[in-house]
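A structural walkthrough
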Amino acid sequence: MQVKKINDWFEKFGRFEVKHRWFFIIGLLIITVVGCLGLPRLKLDNGEEDWFDNWDAVKRNQDHFEDIFGSTDTLMAHITADDVFDPECLDMIDRLGDRLLNEVPYASSITSLMELSVPLGTDEGFEVTSPFDDGIPSDPAELAEKKDFILSRESLRNVLVSDDCTETWLIVNLEQYSEPLTEAMEKIAPPAMSIFNADEFKSNKWIIRPAGMSYTEYEEEAATMEQCISRIGIGFVVMIIFLIIFIRSLRGVIVPAIATSGAICTTLGFSAWMNIKGNNTMILVTVLLSMALAVGYAVHYINSFKMYFRKTGQRKESIVMGVRDSGWALFFTVITTMGGMLSFLAGGIKPMRWVGAITAAAVFAVFAYTMILLPTLLSFGKDKEPDPNFVDSSGSTKSDLRVESMGKSILNKKWITVAVSAAVMVACIPGLFKIKVNMNYSEMMGERTPYIKRLMDITRSQLGSQYSYEVLVEYDDEDAIKNPDVLKNMDELSRRIGTLSMTKISNGKERVSSVTKVIKEMNRTLNGDDPDFYVIPDDQDLVSQIMFLYEISGGNDLYDYVSEDFTAAYLHVELAGYDGEECVQNMNKVEEWVKELFPDASNAGVVGEVMQYAVMNGKLVRGSIKSIGTSLLVIVILLILAFTSLRTGLIAMIPNVAPVILIGGVMGYFGINLDMVTAMIMPMILGIAVDDTIHFTNHIKYHFELTGNYRKSIENSYREIGKTMIMTTIILCAMFFIFLFSTMTVLVRLGYLSIIGLGSALIADYTVTPVLLLITKPFGKEKKN
C-alpha cells in the first residue's frame, strides 16, 4: 500500500472540503444539535446491577435473604469519648437516636446504650429489659451499677461498647427498601448528614463518626464526582493554555475545545436517543481520551498547515496540503484507537463494554470534528507573502531544525539506542511478575479524602468496622434452627471465621454475631448469671423454652438473626478492612466450612454485596487484562495491514508496547495493585501512544517513497513532525500532571502512570522506531543515487 497514493486521495478530499466548506459546517452543526437534544434523556449512574454478569442470581439471593430478615443496610454512628457512660454523652446518644429514627427515611429501630434488650435475672425468673428505660440516673452509684451490668454481658462488651468505655456504637436499623441502592442513598444520606452535623451534637467531649453502606456510598459518589470533574476541568484549562503557547492561533485553540466537548456531547446524546444507559465513573476514560486525541489531531494538522503556509503564503492550498499530509495518518490512528477501545467488549462486564463502545464512537467523533472544523475555519482568511525566513528551510522553524539535528545524533548512535532500550525493557519485565491483581479500597481512595480518613479512623478503632457480610443457614423443616447441634455448629463457624485474615477482632473477640449470643446470654441468666453457662444447652426443649421466654418477656433481638418459623438463621461478620483478594479467599474458606458443618441445609453460604464486589473486581481486572491483550493484537494486525508489511507493523508496535511494559514494571516494583482503575490506564495510553507512532512511521514511509533513502526519509520526518510529537506529549503530560494534586490516591496514580506511559511512548517513538526502521529497512531496498 503506497502512502503517496492514499495521500493523493486525501488531497482531493481536502479540495472538496474547502470548496464545500459551508456544507460541512452546517451538516456538522445539525448533527451536533440533534445529538445535544438527546442529552436530557441521558442516564448515567453506577448501578450495582451493571457490575455483575450474574446479577439476576446475586439479586435473587439478596432479595431472598432480605425477605426473611429485612434490610442488610444500616446507618451507624461510631462514638468515642473519655467515658461513653458520662451522663452528657448518654443524653447526646439518646437525642441523636431519636432524631435519626424520626427524620431518616426507612429508619425502623435503634440499637445503642440507651436502647437495649438485655435479659436480667429476677426473683420470679428473669425479664428482658433496657438498663436506661427509666432515663439516665442522677445518682453516680446507680449509673455505675448499670454500667457494670452492661459491661458484664458477653454479647455487648467489645461488641456494642468497648471494655474501657471509650467507644460505643449507635445503630439505626433500616427497613428493606425496594428501589436500588443508588436511589435509596439519595433519600437516606442527606437528612442523616444534616443531623450528624447539627450544632446540638457538637462537643469537645465526644467525636461522632457516621458510617453505613448507603451513607458512605453517597459520600463516595459525591467525592469521586467532585474530584473527577475538578481534575478534568482544570486539565481542560491547562490544555487551552498550552495550546495558546504552542499553537498561537485562535482557531487552533478553539477547535480542540469544540472537538472535545462536541464529540462527547454528540456521542452521549445519540446514545441517549438509543436508550443506552451509561456509567458515571467509567466515563472518565472517554473524556480524558477525547481531550488527549483532540489535542493530538489538532496539533498535527495545524503544524502541517503552518509549514506549507509559511513557505507558500497560499492559505487554501496550504489547507489542502495539510489534509494531504496528515489525513491518512490521522484516519488510521482513529481506526487503531477505535479497534483498541472496542476490545473492551471482550471484558464481559457491562460498564467495560459500554466505555469501550462509547469511547470508540467518541474517538471517531473527535476526528470528524477536527478534520471538518480546522480546514473549514482556517480557510476563512487571506493569503500572505511567503516568509523569506522559511522558504529555504521548506517552512521549517529553528526548533524544527534542532529536532532534525537531534534525530541525526540518534541515528548515528543507533546501536547504543537499541542496547539501552533493550536493557530498560528487560529490567522492567521482572516487575511485571510482581504485580498483584487486587482492589484495596482504602488504599485506592487514600486518607487525604476526608470521608476515607474518617472511615479508616473507625476501622482502626477497637470496635470499628467498615464492611460486613452474612452467612445464611437455611433448612426445609420448621424449628430446625432450634437443634442444639445446628446452634453449636454456628458457634464453631463463628470461631473459625474469627481466625480469618479479614475478620474484625475487638480486644480478642471476633466480631461475628448470630442468634447464639441471645441463647447463651439467656442460658447464663437462667443459671444465676454464672459465666460458665454462657453456652448452648444440649437439650432442644430447653433451647425452645429459652427462645419462648425471651420473646414473651419483650426481647426484640431474637428475630434479628432467625426467621419466625426457625427454618433459617445467619451470622453477621464484620470486616477489618477491604482487600479484594483476601475477601475472596476468606469467602471460599467460609463456603468450605459451611458445607462441612451444615451438610443437610437446603441453602447455606455467603450473602452480601461486599463479597460479591470482591469477586466482581477480580473479574473486572482480569477482563481488563484480556482487553489489553486483545487491544495489542488488534492494533498490531491493523498496523501490519496498513503498512502491508509484517516487519513494519511489528516495529511500529514496539513504541506502543514499551509504555505498557514500563508502567507494569513501575507498578510491580513499587507495589501498586492492578485494580479496576489502574487496569484502565494501559488501554487508554495505548490509544494515545499509537497516534504519534502512526504519524512518524507513516511519514517516514511517505518520504521513502519520494526519496528512496531511509536516512533522508527519517531526517525529513524528524524535521517536519518531530516538534509536533513533543508538543502533543508535553500538553498531555501537563493535563495529567493536574491529577497529581487530587486528594484521591487512585487519581494521583492515574496521573503519574499516564505521564510515565506518555513520556516513554515519545522516547520510544523518537529513538527505537526510526533506528529499527533504519536497521531493518522494511520498506524495500534503497534507490541508488
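For the structure itself, consult the block above.
Report on the accompanying structure.

Thresholds, definitions, all that
Residues numbered from 1 in each chain as written. Predicted model: local features only at pLDDT ≥ 70, side-chain atom pairs only at ≥ 80, totals over all residues. Heavy atoms only, no water. Helix = DSSP H or I, 4+ residues; strand = E, 2+ residues; numbered from the N terminus. Expected span 1.5 Å × (residues − 1). Buried < 20%, exposed > 50% of the residue type's maximum accessible area, 1.4 Å probe, protein only. Arc of directions from axis to C-beta. Pairing = 2+ DSSP bridges. Axes fitted to C-alpha atoms, helices over the stretch in contact; angles between N-to-C directions. Phe/Tyr/Trp six-rings, centres within 6.5 Å; stacked < 30°, edge-to-face > 60°. Contact = heavy atoms within 4.5 Å. Salt bridge = Lys/Arg side-chain N within 4 Å of Asp/Glu carboxyl O.

1. Notes on helix α14 (residues 414–432)
An ideal rise of 1.5 Å per residue puts 27 Å on 19 residues; α14 measures up with 27 Å between its terminal C-alpha atoms. Listing the buried residues of α14 in full gives Thr417, Cys428 and Gly431. All buried residues of α14 lie within an arc of 45° about the axis, which places them on one face of the element. Every exposed residue of α14 that faces more than 90 degrees away from the buried side is listed here: Trp415 and Val426.

2. Quick look at the sheet that holds strand β2 (residues 74–81)
Taken in spatial order, the 4 strands of this open sheet run β3-β6-β2-β7, and their pairing is antiparallel. The two strands at the open ends of the sheet, each matched to only one other strand, are β3 (107–111) and β7 (206–211). Taking the axes of each pair of neighbouring strands and ignoring which way they run, one obtains an average angle of 20° across the sheet. Here 4 bridges tie β3 to strand β6 (residues 167–174), and the two strands are oriented antiparallel to one another.

3. A word on the packing of aromatic side chains
What the rule picks out here adds up to 26 aromatic pairs. With a centroid separation of 5.5 Å and an interplanar angle of 20°, the aromatic rings of Trp328 and Phe332 are classed as stacked. Placement of both Trp328 and Phe332 in helix α10 (residues 315–342) is noted, with a separation of 4 residues, approximately one turn of the helix. Accessibility expressed as a relative area gives 12% for Trp328, which makes it buried. Assessed through its relative accessible area of 5%, Phe332 is described here as buried. Considering the side-chain rings of Phe737 and Phe741, the 5.3 Å spacing of their centres and the 80° angle between planes classify their relative orientation as edge-to-face.

4. Topic: the pairing of β2
Look at any regular strand and the pattern is simple: side chains alternate between the two faces of the sheet. For β2, a buried count of 7 out of 8 residues is recorded, marking the element as mostly surrounded by other parts of the structure. As defined by bridge partners, β2 adjoins β6 across 7 bridges and the pair is classed as antiparallel. Bridging from a neighbouring strand, Thr80 pairs with Glu167 of β6. Relative to β7, β2 is paired through 6 bridges, and the arrangement is antiparallel. In the sheet register, Ala81 faces β7, and the bridge partner there is Trp206.

5. A short note on the sheet that holds strand β13 (residues 568–575)
The strand order β12-β13-β9-β14 describes an open sheet built from 4 strands, whose pairing is antiparallel. Each of the sheet's edge strands pairs with one partner strand only, and the pair in question is β12 (512–513) and β14 (603–607). Here strand β9 (residues 467–474) runs beside β13; their pairing, made up of 8 bridges, is antiparallel. In the strand pairing of β13, Glu470 is matched with His572. Where helix α21 (residues 580–597) meets the sheet, it contacts β9, β13 and β14, and its direction lies at approximately 165° from that of β14.

6. A look at the pattern of salt bridges
Within the structure shown, the criterion is met by 32 salt bridges. Measuring nitrogen to oxygen at the nearest pair gives 2.8 Å for the salt bridge that ties Asp325 to Arg324. Of the charged contacts in the structure, one is a salt bridge between Asp457 and Arg460, with a shortest N-O distance of 3.2 Å. We classify Asp457 as partly exposed; its relative accessible area is 21%. In this structure Arg460 comes out as partly exposed when scored by relative accessible area, which is 49%. Taken together, the shared-partner salt bridges in this structure form one network comprising Asp91, Arg95, Arg99, Glu103 and Glu200.

7. Comments concerning the environment of Phe132
Assignment of secondary structure puts Phe132 in the loop between β5 (125–129) and α5 (140–152). A sequence separation of 273 residues divides Phe132 from Ser405, and the C-alpha atoms of the two residues are 85 Å apart. Those residues in contact with Phe132 that lie beyond four places of it in its chain are Phe85, Leu90, Leu113, Met114, Pro137, Leu143, Lys146 and Ile150.

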